[in-house]
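Chain residues, written in single-letter form:
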Amino acid sequence: MVQFAPSRAQAAPYAAMVIDARTGEVLHSRNADTQLHPASLTKMMTLYIAFEAIKRGEISPDTVVTITGKAAAEPPSKLGLRTGQKIKFRYLIRAAAVKSANDAATAIGIAISGSEAAFARRMNRTAKALGMTRTHFKNAHGLTESGHLSTARDMTTLGRHLFFDHPQYYNLFSRITTDAGMRAVSNTNRRFLSSYKGADGIKTGYTRAAGFNLVASAERGSERIITTVFGGSSTASRNAKVAELMDLGFRRAPSRAPIRKPSLPVYASVDPETAEPGGAGKTIRLVRAVKHSPRPTPRPITQDPAAQAQLAALTESIKDAVVTAIAEPEEEPAVVAEVTPEQPTETSEPAAEIVVAAVPAPPVKPVTTQPVITSTAAPVTAQAVSVAAPVTVAPPPARPAAIVLTSLQPQTDTAAEPEVVTRMSTSGGRHWAINVGVLGSRYQAERTLLKTALKEIDTLDEALRKVVRRSNGWHANFVGMSEAQADLACRRLNARNTRCKVLGPS
């Protein structure tokens, strides 16, 4: 099972698949669902799980991994790891992605799952979640093993998920060389990357049973094509076939198409074979609906004793005033009308005394009272009526001088220092920008911005495109970014050989 690649190999079964990466549309297929040996294309899944494990916090790129005897004993291609050696996880990823090192791939699997067998089960669970229905893995590196099979369609699906699900790591596959900790290593796909315009990945594979395999991706303008070939007879013939199919894909793909990212898998990392009885797999699902929102506990209000005493005195004074006003209202005096009757005759009844009772007046508005005659005698003519004037309600007592209404805290007479506002901003700290070129015309600058936005849609999705005319030409800028977004976008564009410069706040 040694993985040294001879110049020619016995003919292996051929299969191919070409898709538009933006939409997933199939542009060409041949034997795409035939189960074949994937060889080192297997490491695409190993790396996909490694990226998932980092994202989920199971492991860090700086985690120091101790190499086991199983990993160190893997046949070439290999990094040359030794039993007991300690190396950072990031270097294992680089060695597996760029050099296709078998010892590094096995070390990744053991570091994440504890054993290669457990990691292979996780690979199969992930393949099922991604929709790779005709794939079954037995190991992390891809060396030929009974039952270790996949298809051109499934590997194309995996390549598309690598590009969209983990774009921050995709630049690994386009590196011609990289530092793997122990030494610099070269890319096994460097010939195709150097010879085909727009090529930037993804993974090669070779065993005698599989032949020369390759999952490749290339971008030209706004178009991206992913091509998979199984069963090439040599590196050169395989690369030529992939280039031919890439050209076919670019001819058939529309110049404009919506980007439809594949759905993220419902990902289970717990091995059901080793989980506790009755336990469930650790499935990560995004729950957006809020089921319960408890009311927060009120914040306790603390005041100094003097302020509390003043507040208590004020409250007590108000209560006393209200009680006094209700319990002891002043009564207005009765109004008496004196009537002088006519001279009585012998048969007439004595004149009646007329008493007028004053109706209590409201505290705000005085009320004019009408006389009420309390007599059973016949009506008499009033000669003179004397009515007492309305009584005015006394005003409330004056407010105590000790009560401070404006503030419970003493105020100082010193004027507040003026606040100088140098800049008003509603951008939330997004004052950074990047420059992707100085062009000869506005049209060229706008076209460059559009092409760059499509090329790096993940980091530039929220940025604004802006063309600035200066003495040396038209500057193509992306603005409205945070410092971290600008730095990440430039690093990823530089990895794609695209000129980029970070511009700080001005």
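Structural data are supplied above this passage.
Residues numbered from 1 in each chain as written. Predicted model: local features only at pLDDT ≥ 70, side-chain atom pairs only at ≥ 80, totals over all residues. Heavy atoms only, no water.

> I'm lost on helix α3 (residues 89–99) in this one. Help?
A turn of α-helix holds 3.6 residues, and therefore any two residues three or four places apart point the same way. With nine of eleven residues buried, α3 lies mostly within the body of the structure. Burial in α3 covers these residues: Phe89, Leu92, Ile93, Arg94, Ala95, Ala96, Ala97, Val98 and Lys99. Looking at the residues trailing α3, positive phi occurs at Ser100, about 65 degrees. (Buried < 20%, exposed > 50% of the residue type's maximum accessible area, 1.4 Å probe, protein only. Helix = DSSP H or I, 4+ residues; strand = E, 2+ residues; numbered from the N terminus.)

> Teacher, can you tell me more about the pairing of strand β8 (residues 211–220) here?
Looking along a regular strand, one sees side chains alternate from face to face of the sheet. Burial runs high along β8: nine of the ten residues are buried. Across eight bridges, strand β7 (residues 199–207) lies against β8 in antiparallel orientation. Looking at β8, one finds that Gly201 is bridged to Ser217. Note that β8 and strand β9 (residues 223–232) share eight bridges and pair antiparallel. Paired with Leu214 across the strands is Val229, a residue of β9. Counting the residues in the hairpin turn of β8 and β9 gives two residues, including Gly221, whose phi is positive at 65 degrees. (Pairing = 2+ DSSP bridges.)

> Mind showing me how you'd approach the packing of aromatic side chains here?
In this description, an aromatic ring pair is defined by two values, namely the gap between the centres and the angle between the planes. In the structure shown here, the tally under the stated rule is six aromatic pairs. Ring centres of Tyr170 and Phe173 lie 5.9 Å apart, and the angle between their planes is 55 degrees; this geometry places the pair in the tilted category. Exposure remark for Tyr170: the relative accessible area of 4% places this residue in the buried category. The buried category is assigned to Phe173, whose relative accessible area is 1%. Among the aromatic side chains, those forming a connected cluster through ring pairs are Phe163, Phe164, Tyr170 and Phe173. (Phe/Tyr/Trp six-rings, centres within 6.5 Å; stacked < 30°, edge-to-face > 60°.)

> Explain the side chain of Arg224 here, please?
Mapped onto the elements, Arg224 comes out in strand β9. In terms of polar contacts, Arg224 uses its side chain to reach the side chain of Asp200, at 2.7 Å. In this structure, Arg224 is in contact with Ile19, Asp20, Ala21, Arg22, Phe163, Tyr170, Asp200, Ser217, Ala218, Glu219 and Arg496, ignoring residues within four places of it in sequence. (Polar contact = N/O pair within 3.5 Å; in protein donor to acceptor, adjacent residues only side chain to side chain. Contact = heavy atoms within 4.5 Å.)

> Could you clarify how one ought to interpret the nonpolar core in this entry?
Side chains of a nonpolar character, in soluble globular proteins, are inclined to be buried together. Ranked by internal contacts, the top residues of the largest apolar core, which has 59 residues, are Met45, Ile67, Phe89, Leu92, Ile93 and Ile108. Broken down by secondary-structure element, the contributors of at least two residues to this core are β1 (15–20), α1 (42–55), α2 (69–72), α3, α4 (102–113), α5 (116–130), α6 (152–165) and β9. Once you skip the residues sitting within four places of it in the chain, Met45 turns out to touch Met123, Thr126, Ala127, Leu130, Met132, Phe137 and Leu158. Residues Ala16, Leu27, Ala199 and Leu214 belong to the second largest nonpolar core, which totals 18 residues. (Core = buried A, V, L, I, M, F, W, Y, C linked by side-chain atoms within 4.5 Å.)

> So what exactly am I meant to see when it comes to unusual backbone geometry here?
Most peptide bonds take the trans form, and the phi angle of most residues other than glycine is negative. The amide bond that connects Pro76 to the next residue, Ser77, takes the cis arrangement and shows omega of 5 degrees. Tracing the backbone shows Ser77 in the loop between α2 and β4 (86–88). Put simply, Gly201 and Ile202 share a cis peptide bond, and its omega is 10 degrees. Residue position: Ile202 is located in strand β7. Its identity is not glycine, yet Ala39 carries a phi of approximately 55 degrees, on the positive side.

Read these as spatial facts, not as claims about activity.
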